[in-house]
Amino acid sequence: MRSLGDGAELRPLEPWQAEEFFAHIERGREFIAQHIGFADKAKDLESARALLQQYADNTARDTARIYGIWLDDKLVGGVLFRTMDMPQGLVEVGCWLEPAATGKGLITKASKILIDWAIRERGAYRVEWRVSSANAPSIAVAERLGMVKDGVLRKYFEYRGVRQDLEVWSVLAPEWES
């Protein structure tokens with residue numbers, strides 16, 4: 001558990017918390033699902049539990065991790081390592097929030113903790129932030145984190161029937177350390 005200040009905490013998000021996770025997704029489903037696919041994957045308690053179990057299994061394999069953000073003891077969002085390739089020193093960070101938790105700096109603070117851990121504790125060399133060009137709030141977080149825009153993969157993926165451009169942002173360990 002890590003404090004994010006002002007009553008907010010960052011904690012691992014695990015399968016036994018599926019009910020709380022599902023309730024959180026339900027509260028913010030349409031907002032979250034604008035850009036985050038797992039809001040569509042967690043369509044009921046069983047699928048929410050399966051999603052968290054998948055991350056637990058990937059954590060055990062050291063290939064991904066998921067953390068929740070609690071504000072005043074209520075789950076309001078989270079950050080994750082979507083992928084972790086530690087032999088290559090490469091990780092990808094992602095995030096989501098329900099509407100009531102936006103504008104408080106929670107994602108930036110939590111992402112800093114994840115990036116710092118990946119670089120300083122695990123030896124990651126490159127941390128990526130992949131984001132739809134349509135997701136301005138997430139792009140703003142990448143900028144606040146001091147990431148560099150590597151480029152745009154045009155019409156890279158389809159989401160809810162629409163081809164999306166994917167921006168790739170990154171920070172390298174020497175940049176983060178300085």
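1. Re the sheet that holds strand E5 (residues 90-97)
Pairing in this open sheet of eight strands is mixed, and the strands run E1-E2-E3-E4-E5-E6-E8-E7 from one edge to the other. The two strands at the open ends of the sheet, each matched to only one other strand, are strand E1 (2-5) and strand E7 (148-159). Mean inter-strand twist for the sheet, computed between neighbouring axes without regard to direction, equals 25 degrees. Set on the sheet, helix H4 (residues 106-121) makes contact with E1, strand E2 (8-12), strand E3 (65-71), strand E4 (74-85), E5, strand E6 (126-132) and strand E8 (162-172); between it and E4 the angle comes to about 30 degrees.

2. Digging into the pattern of salt bridges
Pairs may arise between side chains of opposite charge once their charged atoms sit close together. Inspection of the entire model under this criterion finds 15 salt bridges. Residues Arg126 and Glu128 are paired through a salt bridge, measuring 2.8 Å at the closest nitrogen-oxygen approach. Looking at Arg126, the relative accessible area reads 23%, which means it is partly exposed. Look at Glu128 and you get buried, because its relative accessible area is 9%. If you follow the salt bridges from partner to partner, you end up with Arg126, Glu128, Arg130 and Asp150 in one network.

3. So, the layout of surface pockets
Roughly 780 Å³ of volume is contained in the largest pocket. Surrounding the largest pocket, 30 residues form its lining, His35, Ile36, Gly37, Arg82 and Glu92 being those nearest its centre. Where the lining of the largest pocket is concerned, the elements lending two or more residues are helix H2 (38-41), helix H3 (45-60), E4, E5, E6, E7 and E8. Of the residues contributing to the lining of the largest pocket, the split by class is 15 nonpolar, ten polar and five charged. Every residue lining the second largest pocket is counted, 22 residues in all, and those nearest its centre are Phe31, Leu97, Thr102, Pro137 and Ser138. Of all the secondary structure elements, the ones that give two or more residues to the lining of the second largest pocket are helix H1 (18-32), E5, H4 and helix H5 (136-144). Examining the composition of the lining of the second largest pocket, we find that five residues originate from one element, H5, more than from any other.

4. Considerations on H5
Within the sequence span of H5, burial applies to Ser138, Ile139, Val141 and Ala142. Taken down its axis, H5 places every buried residue within 155 degrees of arc, on the same side. Across from the buried face of H5, at angles greater than 90 degrees, the exposed residues are Pro137 and Arg144. Looking at the buried positions of H5, the neighbouring elements they touch are E5, H4, E6 and E8. Two residues or fewer past H5, Gly146 is found with a positive phi of approximately 80 degrees.

5. A few points about H1
Two residues of an α-helix separated by three or four positions point the same way, owing to the 3.6 residues in each turn. Over its 15 residues, H1 extends only 17 Å from the first C-alpha to the last, a length that falls short of the 21 Å expected when each residue adds 1.5 Å. At Glu26, H1 shows its largest kink, close to 50 degrees. Looking at H1, one finds that the buried residues are Ala18, Phe21, Phe22, His24, Ile25, Gly28, Arg29 and Ile32. Check the buried side of H1 and you find it contacts H2, H3, E4 and E5.

Basis of the calculations
Residues numbered from 1 in each chain as written. Predicted model: local features only at pLDDT ≥ 70, side-chain atom pairs only at ≥ 80, totals over all residues. Heavy atoms only, no water. Pairing = 2+ DSSP bridges. Helix = DSSP H or I, 4+ residues; strand = E, 2+ residues; numbered from the N terminus. Axes fitted to C-alpha atoms, helices over the stretch in contact; angles between N-to-C directions. Contact = heavy atoms within 4.5 Å. Salt bridge = Lys/Arg side-chain N within 4 Å of Asp/Glu carboxyl O. Buried < 20%, exposed > 50% of the residue type's maximum accessible area, 1.4 Å probe, protein only. 1 Å grid on protein atoms, 1.4 Å probe; cavity = no way out; pocket = protein on both sides within 12 Å on 5 of 7 lines; lining within 4 Å. Points joined across faces, edges and corners; volume = space filled by probe spheres on them. Nonpolar A, V, L, I, M, F, W, Y, C, P; charged D, E, K, R; others polar. Arc of directions from axis to C-beta. Expected span 1.5 Å × (residues − 1). Bend = angle between axes of the 7 residues up to and from the residue.

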